[in-house]
Amino acid sequence: MLGPVEVVAGGRPVDLGGSRQQLIVAGLLFHSGRVVAVPDLVELVWDDDPPVTARNQLQTVVYRIRRLLGADGEALRTDPAGYRITLPEDRLDLSRFRAALRRARTEPDPEVAARLYRTALDEWRGTPFAGLPGSVIARWRNSLIELRWAATEEWAETLLVLRRPREVVEHAAPLVAGNPLRERLAGAVMTALHRDGRQAEALHLYRRTVEALRDELGVDPGPRLRDLHMEVLRGTAETSPQGSGPSALPRTVARLRGREEETARLLRAAHGPHRLIVVDGMAGVGKSAFAVAAAEALRPGYPAAQLFVDLQGHSEGGPVSPVDALGLLLAQLGEAPQRIPGDLPGRQGLWRRALAGRGSVVVLDNAAGAEQVRPLLPQADAPCVVLVTSRTRIGPVDDAFLLKLEPLPVGAAVAVLRDAVGERVDAEPEAAVMVVELCGRLPLAVRLIAHRLQHRPRWSLAAMVERLRAADPPPIAVSAEGHSVAAAFDVSYRQLSGAEQRCFRLLGLHPAGEFEAWPAAALADVPVGQARELLDRLVEVHLLEEDQPGRYRLHDLLREFAATLVIEEERAAATTRLLDYYLHTVAAVNRPLELIQAIAPDVRPDAFQRSFSDEHERLLWLRATWPAVVALADEAHRTGAHRHAVMLHRVLWRFANNEGRAEIAERLGLQAIASASALGDDGLIALASNWHAGTTMRLGRSTESIRHLERAAAHYATAGMPQEVSRVQVNLGIVCRAAGWLAEGMEHLRTFRELNKEHASTPLALFETGATELLLGRPAQARVTLRDAALHMHRIGATMQLANLCNEFAGAHLALGHPRLALLLFTRGHRMNREAGSRAGVVEALCGMGRTHAVLGDPDAALRCHHEASEQVRDLAPFFEASARNDLGTTLTLLGRTGDAIAAHELALRLAELTERRYERARAHAGIADALRREERDDTAERAAARALFETCGLDAAAVARASEPAQQLVLLNDRH
């Protein structure tokens, strides 16, 4: 398995025959000992296009395999759900590898662990499943290769612990030279070189790694490698690279009282078979503090990272989505933002790879349920412990150890009080018991009262009992033993000044548990400096936490309490100020990405606005704030703040689509249209419909997009906004180009010029005209038009549009026979789109670079670009994938890999049909025809289908002829070059 699939039965090699039989054997052995369902085997052999007789053919293949295996064929058993092969561990290289790796990872003696790692790695004979086709086998192959890399990295780090740096250099340095993107292994080799007295070579390796990361991925090395570089420069490189890694654990109480038994049970479970521990209990019982303290206790055994994320399972703004939670966790691990995919599967893959081989503790605090937790779990064999806290007993999660926290015993609750106020507790023991009982023996409430007593040294505990009994707390659904915890909160709240009380209660209107000073200033209607002073005071009295400088956190229970205190007369104005703050700030973040600069909404001149040091900080802020702003947009629509609902959709649109979050953008768009309709404002209805059309286009629904644009034009006309009516014509041209209705698109652009004669040469209209001319097979015209567009865009500083134009301009030069210039332009477009945060633009640039490298005779570079594009395009809507697959197929045909090329074009064809992209359908047929011709097979039907589709797109006869022979055009370009 860990090389070409080879079977030995009865002491002799077995010829398995064709690829189908090899695939079935590989699939059964990959899941040795487990039943593999028939549908899974069908997908393994035929991918997404099985024949009607697939099940019958599968039975025939299994019968042949049994005969080939002879006596060993009994190991292949039929099950009602499928088939199973069961082999002893020592008879399968994959099983031996996994077993040795598992033992190495749990072995406390580093000498023994190093031998086990070596034993595991010696099982490898080459590329897993070498020569076998198909997407399923490719996924398995990639997962095994990644596991091998993790084992190699862990082995190298174990050798460093044993102070054997020369072995690391001998075995790992050649691997790093051939795979410079493996940061972790590069770090191990750098450390080994440094310890061996070869500092110059260590620094040279770092420079090579940095260059490779920037050239290949466009990113800088992670913080671990950067820190190691500085240590090598100073001569202080760590003795062990497995030293303490990043920790994102929040500060917690200095001493955890009354949880000794629960802590012991948790640690026994973690040191035993359990890697997932779920802690539940009522609000305020101390789950978060308990989990953080447990994570600290586990740190010595899991030193690589200690991570924490508040899942806000009981927040008014709704729980944090798994995709956003993974983004936060990956950022804590030091992953660069541009390397974090936008979709859930992409983030899950990166998360699980990042934790492979890294002893880490992960705290998932305040979970809503099992559905929120499951996507965040590492691989089952990862050396990690995950601690989950929840108010409720969450649904079943495999192999979880369940632990419930009850309110503190009376003695422990009194001890919490004594830690704060000392001998006063001993002087009034009965009153102390009454205080903690009135606080429900909940740690959060007891600590709040203890803090109040600290700052009131003349108060007796008996007086505090009377205050707690007399408190008139508002209704809040949290109690223990019949006592409302709100009474404890109320005592702390009433000791605040008027301004502090107002700030605290208005914070209850914020939809997320974490925030900065600016939204607090907006809610309280005070300058930011004063807001910071108020927040610092709330931190001092333990009504607010500041885990990181400038980042405040309000416990969900306290937020619920604060919201009940809001005076109705102040609610509407405070909510409006909060909406204005986010609306204005998101608009400012997006401004460099907009072609039409006047998109910032009208806000008060003194509106609160956060400043940013650079574009990178803007993007990071918006990614971190995204859940809160989406929650606010939903709330605005629900509560009748309709203008804000419309404008928040507008300013969030570009970020949502750049980040591959079109599904959320669609919901916001529909809400915006409904809100605008509720206002009866034609201008706002047109605005919402216009931008929602862009989302539906990206979701592959061009016909629906056209309808939204026609509606926008009608409402703009009713509103008396002729310039906006004309701009809709450009957007209609964009949708038509995407759908392959090129002649219709050019007609819309002509209409725009007629309606807008004074401004006929606007940058967007020029850009769209040039891009459409390029698809129509007029590259010389396109180059001139795009050059004019570039001059206009540069003049107004339209960063995002210049990045997109760079790709189109490069395509024009490639079509004109200037591949080296095209490569420079595609590379620049890649950098600009990456900096602007446009994932779609990055994919387009990578595809163009791949095509150009193929023309220049560098197939390895071409395939690297295409494969990276294929990985990244999965994070986007299917709309973008068809063209990427077609580009890959064209290059594969040029390289002689016709089978893979046909598969790529067939996938492109299915995607193009799904997303209404006629031009890409034509390209797919033409690509299949080229591959068939290369195999000397009949290409007549595919070529005719391509020609017919290109004609309906609006290409003239000469352009149809060229477009229908894509591989021939690349060959001609290569010859011309």
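An unreviewed UniProt entry annotates the protein as BTAD domain-containing putative transcriptional regulator originating from Dactylosporangium maewongense. The UniProt entry for the protein carries this comment under Sequence similarities (unreviewed entry): "Belongs to the AfsR/DnrI/RedD regulatory family."

Asker: Residues and numbers for the overall build of the protein, please.
Answerer: Counting secondary structure elements, the protein contains 45 helices and 15 strands. Long-range pairs, those at least 24 residues apart, make up 69% of the contacts in the protein between residues at least 6 apart in sequence. Carbon and sulfur atoms make up 51% of the accessible area of the protein, which amounts to about 40600 Å² in all.

Asker: Let's hear about the nonpolar core: which residues, and what values?
Answerer: If you look at the biggest cluster of nonpolar residues, it comprises 123 residues, and the most contacted ones within it are Phe 504, Leu 507 and Leu 535. Ignoring sequence-local partners within four residues, the contact set of Phe 504 consists of Tyr 493, Leu 496, Leu 538, Leu 543, Leu 554, Leu 558, Phe 561, Ala 562 and Leu 565.

Asker: Quick rundown of the packing of aromatic side chains? Include the residues and the values.
Answerer: Applying the stated rule across the entire model yields 15 aromatic pairs. Seen in terms of ring centroids, Trp 653 and Trp 691 are 5.0 Å apart; in terms of plane orientation they differ by 65°. Their pairing is edge-to-face. Separated by 38 residues along the polypeptide, Trp 653 in helix H28 (residues 642-658) and Trp 691 in helix H30 (residues 682-698) bring together distant segments of the chain. Of the two residues, Trp 653 and Trp 691, both sit in the buried class. Measuring from ring centre to ring centre gives 5.0 Å for Phe 879 and Phe 880, while their planes differ by 90°; the resulting arrangement is edge-to-face. Across the pair, exposure class does not vary: Phe 879 and Phe 880 are buried alike. Clustering of aromatic rings is evident, with ring pairs tying together Tyr 581, Tyr 582, Phe 612 and Trp 621. Above the ring of Phe 30, the side-chain terminus of Arg 98 is found at 5.1 Å from the ring centroid. A cation over an aromatic ring shows up here: Arg 118 above the ring of Trp 155, its NZ or CZ 4.7 Å from the ring centre.

Asker: Which residues make up the packing of helix H22 (residues 498-507) against helix H23 (residues 517-524), and what values do they have?
Answerer: Close contact between H22 and H23 brings their axes to 9 Å; oriented N to C, the two are set at 110°. It follows that H22 is roughly perpendicular to H23 by the angle criterion. Of the two elements, H22 crosses H23, and the hand of that crossing is right-handed. Seen from H22, the contacting residues are Arg 502, Leu 506 and Leu 507; seen from H23, they are Ala 520, Leu 523 and Ala 524. A breakdown of the residues in the contact of H22 with H23 according to their chemical character gives five nonpolar, no polar and one charged.

Asker: Go over the confidence of the model for the protein, please, and point to the residues and values.
Answerer: Of the residues in the protein, 90% reach a pLDDT of 70 or more, and the chain-wide mean stands at 83. The element-level mean pLDDT for the protein is lowest in strand S11 (residues 479-480), coming to 40, with helix H31 (residues 702-718) highest at 95. Note on residues 238-243: pLDDT is under 50 here. Beyond four places in sequence and across chains, it has 19 contacts.

Asker: Which residues make up the pattern of salt bridges, and what values do they have?
Answerer: As enumerated under the stated definition, the model contains 44 salt bridges in all. For Glu 6, the salt bridge is made with Arg 125, and the minimal N-O distance between the two is 3.6 Å. Residue Glu 6 is located in the segment before strand S1 (7-9), and its partner Arg 125 is located in the loop between helix H5 (110-121) and helix H6 (135-161); the two are separated by 119 residues in the primary sequence. What emerges from the salt-bridge pattern is a single network uniting Glu 146, Glu 153, Glu 157, Arg 182 and Arg 184.

Asker: Describe the pairing of strand S8 (residues 360-365), and please don't skip the residues or the numbers.
Answerer: The side chains of a regular strand alternate, residue by residue, between the two faces of the sheet. By the criterion of burial, S8 is predominantly enclosed, with six of the six residues buried. What you see with S8 is no split at all: Ser 360, Val 362 and Leu 364 on one side and Val 361, Val 363 and Asp 365 on the other are buried throughout. Of the strand pairs in this sheet, strand S7 (residues 305-310) and S8 are connected by six bridges, and their pairing is parallel. From the neighbouring strand, Phe 308 faces S8, where its bridge partner is Val 363. Note that S8 and strand S9 (residues 384-390) share five bridges and pair parallel. Bridged to Leu 364 within S9 is Val 388.

Asker: Residues and numbers for unusual backbone geometry, please.
Answerer: Phi is positive for Phe 129, which is not a glycine, with a value near 55°. Inspection of the secondary structure puts Phe 129 in the loop between H5 and H6. Assessed through its relative accessible area of 0%, Phe 129 is described here as buried. In this structure, Asn 366 takes a positive phi of about 65° despite not being glycine. Tracing the backbone through its elements, the reader meets Asn 366 in the loop between S8 and helix H15 (370-373).

Asker: Any details on the side chain of Asp 580? Residues and values, ideally.
Answerer: You can see Asp 580 is positioned in helix H26 (residues 568-590). Take Asp 580: its relative accessible area is 14%, and that puts it in the buried class. Of note is the side chain of Asp 580, whose polar atom sits 2.8 Å from the side chain of His 644.

What counts and how
The numbers attached to residues start from 1 for each chain and follow its sequence in the written order. Reporting of local features is limited, given that this is a predicted model, to residues whose pLDDT is at least 70; pairs of side-chain atoms are given and counted only at 80 or more, and all residues count toward the totals for whole chains, interfaces and linings. Only heavy atoms go into the side-chain values, all of them from the structure, while hydrogens and water stay out. UniProt positions are given in the numbering used here, feature names are shortened, and annotations may be inferred rather than shown by experiment. Helical segments are the DSSP runs of H or I of at least four residues, strand segments are the runs of E of at least two, and each set is numbered from the N terminus. When checking whether two residues touch, look at their non-hydrogen atoms; a contact exists if any pair is within 4.5 Å. Per-residue accessibility takes into account occlusion by the displayed protein chains alone, with areas from the Shrake-Rupley method and a 1.4 Å probe. Here the nonpolar core consists of buried residues drawn from Ala, Val, Leu, Ile, Met, Phe, Trp, Tyr and Cys, with membership extended through side-chain atoms lying within 4.5 Å. Exposure is judged per residue with a 1.4 Å probe applied to protein chains only, and the accessible area is read against the type maximum: over 50% gives exposed, under 20% gives buried, and values in between give partly exposed. Under the pairing criterion, centres of Phe, Tyr and Trp rings, with the six-membered ring standing for Trp, must be within 6.5 Å; the plane angle then separates stacked pairs below 30 degrees from edge-to-face pairs above 60, leaving the rest tilted. The rule for a charge over a ring is simple: NZ of Lys or CZ of Arg within 6 Å of the ring centre, and within 35 degrees of the ring normal. Working convention: axes come from line fits to C-alpha atoms, limited for helices to the stretch in contact. Angles between N-to-C directions cover 0 to 180 degrees. Orientation is classified from the angle alone, with under 35 degrees giving roughly parallel, over 145 giving roughly antiparallel, 65 to 115 giving roughly perpendicular, and any other angle giving oblique. Helix crossings get a hand from a simple test, with the near helix turned counterclockwise from the far one by less than a right angle marking a left-handed crossing and a clockwise turn marking a right-handed one. In this classification, the charged set is Asp, Glu, Lys and Arg, the nonpolar set is Ala, Val, Leu, Ile, Met, Phe, Trp, Tyr, Cys and Pro, and all remaining amino acids, among them Gly, are polar. pLDDT expresses, on a scale from 0 to 100, how confident the predictor is about each individual residue. A pair is scored as a salt bridge if a Lys or Arg side-chain nitrogen falls within 4 Å of a carboxyl oxygen belonging to Asp or Glu. Strands are treated as partners if at least two bridges between them are detected by DSSP. Nitrogen and oxygen atoms within 3.5 Å of one another constitute a polar contact, given that in protein one can donate a hydrogen and the other can accept it, and given that sequence-neighbouring residues count only through two side-chain atoms.

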